[in-house]
Amino acid sequence: MADGIFFWGPVTSKEWCEPNYVQSSYIAEFFNTISNIPCIILALIGLVNALRQRFEKRFSVLHISNIILAIGSMTYHATLRQMQQQGDETPMVWEMLLYIYILYSPDWHYRSTMPTFLFLYGALFAIVHSQIRFGIGFKVHYALLCLLCAPRAYKYYIHTEDTLAKRLAKLYVATLLIGAACWLCDRLFCKQIQGWYFNPQGHAVWHVLMGFNSYFANAFLMYCRAQQREWNPKIKHLFGFFPYVKIQKPKTQ
């Protein structure tokens, strides 16, 4: 970087409340970039658990989508380029379509219709989004997809009797609310924050919390699905702290 020329070229995407190219000449928003690493690690832990216990492929795909989303976010914040921003936002929509499928598919009688529709919807969105910048429209669209998940997720919660499984759902809500507060503060009060001696890096904190948020959501859904399949799920804790789902399938499965 020299004379105001950045390594990745001029900024063409939305910027966040972190000075550009301060910590590294090769990474535009350093903390917003590296804060995605916990998301990848947590998704890998979930993926290993899903593969090792032979959960349905949908959960492996879900964990992989979390990894893709984190990598997309890293490239976006590292470059602050429009194409990379779209590479962050499109996987966000794909991930929500996966959640919709996992939440609603047990009660969907026409098995091929729903995944076909969601796949075509995701492909169409990717094509359109590659050509058009939605701005606030993207946020509204993403929020609507999240709201579609809420009723079924709540139904699963109220029909879950296991206290530890319910705790996963509560941790999901807690990390979502705290993370959203960090995201909003970073966005709305950026001018004031830039005048502080210490920048709390609210957007980076949001990334870390969303990594845990996705892990808790995935683990809760894995538990609920295992219950539906009568796989006798239990919530265990790695090192007495980190929760994961352990199942015992019937010998015929």
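Here's a quick rundown of the structure. Quantities reported herein were computed from a predicted structural model and do not represent experimental measurements.

Each value, and the rule that gives it
- Residue positions within a chain follow its written sequence, with the count starting from 1.
- Selection of residues for local features in this predicted model requires a pLDDT of at least 70, selection of side-chain atom pairs for listing and counting requires 80 or more, and totals for whole chains, interfaces and linings are taken over all residues.
- No hydrogens and no water enter the side-chain calculation; it runs on all heavy atoms of the structure.
- In this analysis, axes come from line fits to C-alpha atoms, helices being fitted only over the stretch in contact, and the angle between any two N-to-C directions falls in the range 0 to 180 degrees.
- A helix here means a DSSP run of H or I that spans at least four residues, while a strand means a run of E at least two residues long, and both kinds are numbered starting from the N terminus.
- The scheme is simple: roughly parallel for angles under 35 degrees, roughly antiparallel for over 145, roughly perpendicular for 65 to 115, oblique for anything else.
- The crossing is said to be left-handed when, going from far helix to near helix, the turn is anticlockwise and less than a right angle, and right-handed when the turn is clockwise.
- Three categories are distinguished: nonpolar for Ala, Val, Leu, Ile, Met, Phe, Trp, Tyr, Cys and Pro, charged for Asp, Glu, Lys and Arg, and polar for the others, with Gly belonging to the last.
- For each residue, the accessible area found with a 1.4 Å probe, counting protein chains only, is set against the maximum for its type, and the residue is called buried under 20%, exposed over 50%, and partly exposed in between.
- Contacts are residue-level and defined by heavy atoms, with any inter-residue pair within 4.5 Å sufficient.
- Pairing between strands is defined by DSSP: at least two bridges between the two strands are required.

Examining the packing of helix H3 (residues 57-79) against helix H4 (residues 82-104)
Then step 1. Packing of H3 against H4 brings their axes to within 8 Å, and their N-to-C directions diverge by 160 degrees. Taken as axis vectors, H3 and H4 run roughly antiparallel relative to one another. Once H3 is placed against H4, the crossing between them reads as left-handed.
Then step 2. Here the contact of H3 with H4 is built from residues that sort into twelve nonpolar, nine polar and three charged.

Details of the environment of Ala217
Then step 1. Among the structural elements, Ala217 can be located in helix H9 (residues 202-228).
Then step 2. For Ala217, a relative accessible area of 11% puts it in the buried group.
Then step 3. Remark: the alpha-carbon pair of Ala217 and Lys191, spanning 26 residues in sequence, is separated by 34 Å.
Then step 4. With residues up to four places along the chain from it excluded, the contact list for Ala217 reads Tyr99 and Tyr172.

Concerning the pairing of strand S2 (residues 242-246)
Then step 1. Alignment of strand S1 (residues 234-238) against S2, held across five bridges, turns out to be antiparallel. Within S2, the position partnered with Lys236 by the bridge is Tyr244.
Then step 2. Here S1 hands over to S2 after three residues, with Phe239 in that stretch at a positive phi of 60 degrees.

Function-wise, these values are silent; they only describe arrangement.
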